[in-house]
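Listed below are the residues making up each chain.
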Amino acid sequence: MAADETAPAPRGKVTITEIARRAGVSVPTVSRVVNGRSDVSPATRARVEDLLRLHGYRKRSAALPSRAALLDLVFNDLDSPWAVEIIRGVEEAAHAAGAGTVVSAIHGRSGDAGEWMRNLRARASDGVILVTSALEPPLHEQLRILGVPLVVVDPMGSPAFDTPTIGAANWSGGLAATEHLLSLGHRRIGLIAGPPRLLCSRARFDGYRAALEAAGVAIDASLVVPGDFHPESGFTGCNTLLDLPEPPTALFAASDQMALGAIEALRRRGLRVPEDMSVVGFDDLPEVRWSAPPLTTIRQPLADMGQLAVRTVLRLARGERPDSPRVELGTELVVRASTAPPAPVL
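Every value quoted in this text rests on a predicted model; they were computed, and no experiment measured them.

A.B. asks: Residue-level account of helix α7 (residues 170-183), with values.
C.D. replies: Under the 1.5 Å per step criterion, the end-to-end length of α7 is 20 Å for 14 residues, consistent within 8% with the ideal 20 Å. Within the span of α7, buried status applies to N170, G173, G174, L175, A177, T178, H180, L181 and L182. Looking one or two places after α7, you find G185, whose phi comes out positive at around 110 degrees.

Dropping the structure here:
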């Protein structure tokens, strides 16, 4: 006699794979229903939900109230003070919620990412916060199958439609930095840009370009040099700009670390900030208020981004939906002593 496909399994024994088999759908489809995703047809959703109720399936995150939640915080690299600020915000919010965190770096290597996924499965993590990184599609699908919610902070590109993201208003920040230098009278404004593969880098460049266009200043491609957000690239980029036949009088570096590298390049050439060149950064890391001179920069709320990521991923783990799938926190110009009007031409 054939087995009854509708007969309920013993309570607590049914798996998401068994539900998928009985519903005649894939495991990812059942995972999307369990996590309240919208990309499932009404008929399929109803069939899966009926089976979930019949078999007493309980989502793994239902265990959250009876034990401390565990969150995975994943970076591409951990070699920047920028990452420390994100970690600080995540730790504060996780502690307030009674949750623990595991911090990992996958270094952009598939082997490291695969090992991280195996460890995540073993420790039964309740949520993942991915920072300026990208998971290969198979790993992303494994998270779906496991029912582990994902939130992306400062996404590299355009993430999946159903993945919540938290970022900063990078375009507005690039605009404000450049407008500040224009308001001081600068017209030759260099840019040390971030990696073009990153969405935040492209947005900061677009803000820089928009400010120049609005002021009627022609964009000079020779004034835009590449960087990677680290001090060394700021040092190299500034030297490239200084070697131009007509160097800029002001510089917007798309990260504080690159701005500090640029200031060191100027110092080694015997040039003064801001008397010989004004410099603006981006991030407002704690150390830049103590640089010589204190750095004018764009503050992005890194700790706040981390805190919001924790609150969002915990809501997802409880089966709730975030208020908005795309959140951009505001940036702010912080004027210190590294900017001034250009020196008069003698």
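So that's the structure; there's more coming.
A.B. asks: Describe the environment of V327, with residues and values.
C.D. replies: Mapping V327 onto the fold places it in strand β11 (residues 326-329). Other than its neighbours up to four places away in sequence, V327 contacts T165, I166, G167 and L308.

A.B. asks: Quick one: what's the story with the nonpolar core, residue by residue and with numbers?
C.D. replies: A general feature of soluble globular proteins is that nonpolar side chains tend to end up buried together. I86 and I129 are the most contacted members of the largest nonpolar core, which totals 66 residues. When residues of this core are assigned to their parent elements, the largest contribution, 8 residues, is made by helix α11 (residues 302-317). Of the residues that make up this core, three or more belong to each of domain 2 (70-168 + 302-329) and domain 3 (170-300). Discounting residues that sit within four places of it in the chain, I129 has contacts with D72, L73, V74, V90, V151, V153, A309, V310 and V313. With 14 residues, the next largest nonpolar core counts I16, A23, V27 and L52 among its residues.

A.B. asks: An account of the sheet that holds strand β7 (residues 224-226) is needed here, citing residue identities and associated values.
C.D. replies: Read across the open sheet, the 6 strands follow the order β7-β6-β8-β9-β10-β12; overall the sheet is mixed. A strand with exactly one partner marks an edge of an open sheet, and here the two such strands are β7 and β12 (332-334). Sheet twist, expressed as the mean angle between neighbouring strand axes with direction ignored, is 20 degrees. Strand direction decides the pairing type here: strand β6 (residues 189-193) and strand β8 (residues 250-253), joined by 4 bridges, are parallel. Note on β8: the bridge partner recorded for G190 is L251. α7 contacts β6, β8, β9 (278-283), β10 (296-299) and β12 of the sheet and is inclined by roughly 165 degrees relative to β9. Its contacts with the sheet put helix α10 (residues 256-268) on β6, β8, β9 and β10, and the angle it makes with β9 is roughly 155 degrees.

A.B. asks: Report on the packing of aromatic side chains, specifying residues and quantitative values.
C.D. replies: Evaluation of the coordinates by the stated rule reveals 1 aromatic pair. In this structure, R204 packs its charged tip against the face of F282, placed 3.8 Å from the ring centre.

A.B. asks: Quick rundown of the packing of helix α9 (residues 231-242) against α10? Include the residues and the values.
C.D. replies: Across the interface, α9 lies against α10 with an axial gap of 6 Å and an inter-helix angle of 50 degrees. One finds that α9 runs oblique with respect to α10. For the element pair α9 and α10, the recorded crossing hand is right-handed. Packed against α9, whose contacting residues are P231, S233, G234, F235, C238, N239 and L242, the element α10 presents Q257, M258, G261, A262, E264, A265, L266 and R268 at the interface. Residue composition of the contact of α9 with α10, by class: 8 nonpolar, 5 polar and 2 charged.

A.B. asks: Can you lay out the sheet that holds strand β5 (residues 165-168) for me, pointing to particular residues and giving the numbers?
C.D. replies: The sheet built from 6 strands is open, its strands ordered β2-β1-β3-β4-β5-β11 with parallel pairing. Sheet topology places β2 (100-105) and β11 at the edges, where each strand pairs with a single neighbour. Each strand of the sheet is rotated relative to its neighbour by a mean of 20 degrees, with strand direction disregarded. As paired strands, strand β4 (residues 150-153) and β5 are joined by 2 bridges and run parallel to one another. Looking at β5, one finds that V153 is bridged to I166.

A.B. asks: Any details on helix α1 (residues 16-23)? Residues and values, ideally.
C.D. replies: Among all positions of α1, only I16, I19, A20 and A23 are buried. For α1, the angular spread of the buried residues around the axis is 100 degrees, confining them to a single face. At the C-terminal side of α1, G24 shows a positive phi close to 70 degrees.

A.B. asks: Run through the packing of α7 against helix α8 (residues 199-214), naming residues and quoting values.
C.D. replies: Relative orientation of the contacting elements α7 and α8 amounts to 35 degrees, with a least axis distance of 7 Å. Note on packing geometry: the crossing formed by α7 with α8 is right-handed. Note on element contacts: α8 touches α7 through C200, A203, R204, D206, G207, Y208, A210, A211 and L212, opposite N170, W171, G174, L175, T178, E179 and L182. Taken together, the residues of the contact of α7 with α8 sort by class into 9 nonpolar, 4 polar and 3 charged.

Scoring rules and cut-offs
- Residues numbered from 1 in each chain as written.
- Predicted model: local features only at pLDDT ≥ 70, side-chain atom pairs only at ≥ 80, totals over all residues.
- Heavy atoms only, no water.
- Helix = DSSP H or I, 4+ residues; strand = E, 2+ residues; numbered from the N terminus.
- Expected span 1.5 Å × (residues − 1).
- Buried < 20%, exposed > 50% of the residue type's maximum accessible area, 1.4 Å probe, protein only.
- Contact = heavy atoms within 4.5 Å.
- Core = buried A, V, L, I, M, F, W, Y, C linked by side-chain atoms within 4.5 Å.
- Domains from an automatic or database assignment.
- Pairing = 2+ DSSP bridges.
- Axes fitted to C-alpha atoms, helices over the stretch in contact; angles between N-to-C directions.
- Phe/Tyr/Trp six-rings, centres within 6.5 Å; stacked < 30°, edge-to-face > 60°.
- Lys NZ or Arg CZ within 6 Å of the ring centre and 35° of its normal.
- Parallel < 35°, antiparallel > 145°, perpendicular 65-115°, else oblique.
- Left-handed = near helix turned anticlockwise from the far one by under 90°.
- Nonpolar A, V, L, I, M, F, W, Y, C, P; charged D, E, K, R; others polar.
- Arc of directions from axis to C-beta.

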